[in-house]
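Commentary on secondary and tertiary structure
Okay, here's what each chain looks like letter by letter:
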Amino acid sequence: MILITGGAGFIGSNFVLDWLAQTGEPIVNLDKLTYAGNLQNLSSVSGNTQHIFVQGDIGDTQLISQLLAQHQPRAIINMAAESHVDRSIHGPEDFIQTNILGTFRLLESVRAYWSALEPAARANFRFLHVSTDEVYGSLEKNEPAFTETHGYQPNSPYSASKASSDHLVRAYHHTYGLPVLTTNCSNNYGPFQFPEKLIPLMIANALAGKPLPVYGDGLQIRDWLYVIDHCRAIRRVLEAGIPGETYNIGGWNEKANIEIVNTVCTLLEEFHPGSDFKRLITYVKDRPGHDRRYAINAQKIERELGWKPAETFDTGIRKTIEWYLNNPQWIQDVQTGAYRSWLEKNYNGRQ
Ligand code: NAD
Ligand code: TYD
């Protein structure tokens, strides 16, 4: 079996569902259930004995050691993280705790477990660390896309904490020989994404008739990947990636934020004929230290492991919009008092 951390979050829950559907191999899912973790995402596998959910922290050494001893996983996929740049600007502490200290403690527990395995199991073991393209910093308009050898220049507390965790993972390979794999992926979108990130926030606000807050001039560029393509890439890296290597994952899909918001509005208007969601677009004060452009060169994973995205942005965004339209209860349930407080904190004062 394998063990995933952060498997009740956006990418994690998509991964767990996809993993069970594609492989059927048992999966232990350790998640702290912060504001971003949601067991509703996993309700379709609640009766599946191949999925074992455990609420807990990656920094809880005792719990991790006990889980490793009990379940003897052949691999660990580390997705647990604080993941939202704007929250890292308002309060970096949690990012340091989970992304840096938590990853360090997890690595320590895993190192002790792995060191005691039989030689064959030791050789086959993998620790796959899920990271982001944001560790590479920001690109100018005409610069080439990030390759795996691009220098690390993280600009936000979030990306700096992820960069630190990547360095720790790398060091555990170099120093102790732990068979690690690191993936650096671009912006994901799809079902179950918490409506603090750009695409689900725009969908939820538009459906509620609220302003669609575009930071600065809206011309910042991100590369977008449909979440299931990311899950497929992780499975492929786990299966065939070379320990110690890093793999960039992206959708070959660079788009300016305002283009994304306009596309979301156009599609929602298709499903709600006669509506005008674009009138809700509101330019607001920019994010401090806002990275201008991210772009991923995903040639290595295609060349060496044969992975490339199956979805285009057109097909992926349509599936995403349909999912949110079909799941109004999910949107309603995540819009708790804490969520509304977050919106006030981040958006009041930006107008
Ligand atoms: P998310 O915020 O939706 O989910 C994170 C999950 O981790 C939540 O379920 C949360 O409860 C859990 N968690 C947080 N702290 C924990 C802790 N200390 N111990 C155990 N569990 C904890 O994030 P996501 O968007 O699904 O991202 C998953 C991973 O992928 C992160 O490592 C993120 O940096 C990386 N990533 C995300 C994107 C993206 O566009 N969302 C892109 C590239 C990489
Ligand atoms: P986000 O989804 O937070 O991802 P990241 O910052 O990790 O790329 O934001 C994507 C882009 O959208 C980013 O350039 C910031 C911008 N953005 C807005 O313009 N308005 C918003 O309300 C949010 C949440 C993001």
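One can find the structure itself at the top, above this paragraph.
Read on for an overview of the structure. The structure displayed is predicted, hence computed values, not measured ones.

With 73 residues, the main nonpolar core has Phe 15, Ile 77, Val 264 and Ile 301 as its most contacted residues. Apart from residues lying up to four places away in sequence, Phe 15 is in contact with Ile 2, Ile 4, Ile 27, Ile 77, Met 79, Cys 231, Ile 234 and Arg 235. The next biggest cluster of nonpolar side chains, apart from the first, holds 23 residues, and it includes Ala 80, Leu 107, Tyr 113 and Phe 125.

In the neighbourhood of ligand 1, 29 residues make up the surrounding shell, with Ile 11, Asp 31, Ser 83, Tyr 158 and Lys 162 lying closest. Between ligand 1 and Phe 10 there is a distance of 3.0 Å, counted from an oxygen atom to a backbone nitrogen or oxygen. Within the contact set of ligand 1, an oxygen atom lies 3.1 Å away from a backbone nitrogen or oxygen of Met 79. For ligand 1, the protein covers 97% of the area, taking 830 Å² as the surface of the free molecule.

Our focus in this paragraph is unusual backbone geometry. Even without a glycine there, the phi angle at Phe 192 is positive, about 70 degrees. Its location among the elements puts Phe 192 in the loop between strand 7 (187–189) and helix 7 (198–207). Judged by its relative accessible area of 13%, Phe 192 falls in the buried class. Look at Trp 252: it is not a glycine, yet its phi comes out positive at around 55 degrees. As for its position among the elements, Trp 252 is in the loop between strand 10 (246–249) and strand 11 (254–256).

Moving on, we come to the environment of Ala 81. Looking at the element boundaries, Ala 81 is found in the loop between strand 4 (75–78) and helix 3 (85–90). Ala 81 sits 200 residues away from Ile 281 along the chain, and the two C-alpha atoms are 30 Å apart. Ala 81 has contacts with Thr 98, Asn 99 and Lys 162, leaving out every residue within four places of it along the chain.

Time to look at the layout of surface pockets. Estimates place the volume of the largest pocket at around 360 Å³. Forming the walls of the largest pocket are 19 residues, and the residues nearest its centre are Glu 148, Tyr 152, Arg 170, Gly 244 and Thr 246. Among the secondary structure elements, those contributing two or more residues to the lining of the largest pocket are helix 6 (157–176) and strand 6 (180–185). By residue class, the composition of the lining of the largest pocket is four nonpolar, ten polar and five charged.

To continue, consider the sheet that holds strand 1 (residues 2–5). Pairing between the strands of a sheet comes from backbone hydrogen bonds, and it takes one of two forms, parallel or antiparallel. Judged by pairing direction, the sheet is parallel, and its seven strands sit side by side in the order 3-2-1-4-5-6-10 without closing on themselves. Two strands lie at the open edges of the sheet, namely strand 3 (51–55) and strand 10, each paired on one side alone. Here the strands of the sheet are splayed against their neighbours by 20 degrees on average, with no regard to which way each runs. Pairing of strand 1 with strand 4 involves four bridges; the strand directions are parallel. Each bridged residue has a counterpart across the sheet, and for Thr 5 the counterpart in strand 4 is Asn 78.

Moving on, we come to the pairing of strand 6. Taken across its six residues, strand 6 has six buried, putting it largely inside the fold. Burial along strand 6 is two-sided: the face carrying Val 180, Thr 182 and Asn 184 and the face carrying Leu 181, Thr 183 and Cys 185 are both buried. Pairing analysis gives six bridges linking strand 5 (residues 126–132) to strand 6, with the strands arranged parallel. Each residue of the ladder has a partner; that of His 129, found in strand 6, is Thr 182. Each parallel crossover has a hand, and for strand 5 linked through helix 6 to strand 6 it is right-handed. In this structure, strand 6 lies alongside strand 10, joined through four bridges in parallel fashion.

Below, the discussion takes up the sheet that holds strand 7. The strand order 7-9-11 describes an open sheet built from three strands, whose pairing is mixed. For this open sheet the edge positions go to strand 7 and strand 11, each flanked by a neighbour on one side alone. With strand direction ignored, the average angle separating the axes of adjacent strands in the sheet is 50 degrees. Sheet analysis places strand 9 (residues 221–226) next to strand 11, joined by three bridges and oriented antiparallel. Bridging from a neighbouring strand, Ile 221 pairs with Ala 256 of strand 11.

A few words now on the site of ligand 2. Among the 19 residues in the neighbourhood of ligand 2, the closest are listed as Glu 134, Arg 222, Arg 287, His 290 and Tyr 347. The contact in question runs from a nitrogen atom of ligand 2 to an N or O atom on the backbone of Pro 213, over 2.8 Å. One nitrogen or oxygen atom from the side chain of Arg 287 is found 2.5 Å from an oxygen atom belonging to ligand 2. Of all the elements in the fold, those that place two or more residues in the shell around ligand 2 are helix 3, helix 7 and strand 8 (212–215). Sorting elements by how many residues they give to the shell around ligand 2 places strand 8 first, with three residues. Looking at the shell around ligand 2, its residues break down into eight nonpolar, five polar and six charged.

Where burial is concerned, most of helix 7 is hidden: eight out of the ten residues are buried. Just downstream of helix 7 lies Gly 209, where phi reads positive at about 70 degrees.

Rules used in this analysis
- Residues numbered from 1 in each chain as written.
- Chains lettered and ligands numbered in written order.
- Predicted model: local features only at pLDDT ≥ 70, side-chain atom pairs only at ≥ 80, totals over all residues.
- Heavy atoms only, no water.
- Core = buried A, V, L, I, M, F, W, Y, C linked by side-chain atoms within 4.5 Å.
- Buried < 20%, exposed > 50% of the residue type's maximum accessible area, 1.4 Å probe, protein only.
- Contact = heavy atoms within 4.5 Å.
- Near = heavy atom within 4 Å.
- Polar contact = N/O pair within 3.5 Å; in protein donor to acceptor, adjacent residues only side chain to side chain.
- Areas by Shrake-Rupley, 256 points an atom, 1.4 Å probe, with all protein chains shown as cover.
- Helix = DSSP H or I, 4+ residues; strand = E, 2+ residues; numbered from the N terminus.
- 1 Å grid on protein atoms, 1.4 Å probe; cavity = no way out; pocket = protein on both sides within 12 Å on 5 of 7 lines; lining within 4 Å.
- Points joined across faces, edges and corners; volume = space filled by probe spheres on them.
- Nonpolar A, V, L, I, M, F, W, Y, C, P; charged D, E, K, R; others polar.
- Pairing = 2+ DSSP bridges.
- Axes fitted to C-alpha atoms, helices over the stretch in contact; angles between N-to-C directions.
- Right-handed = clockwise from strand over helix to strand, strands pointing away.

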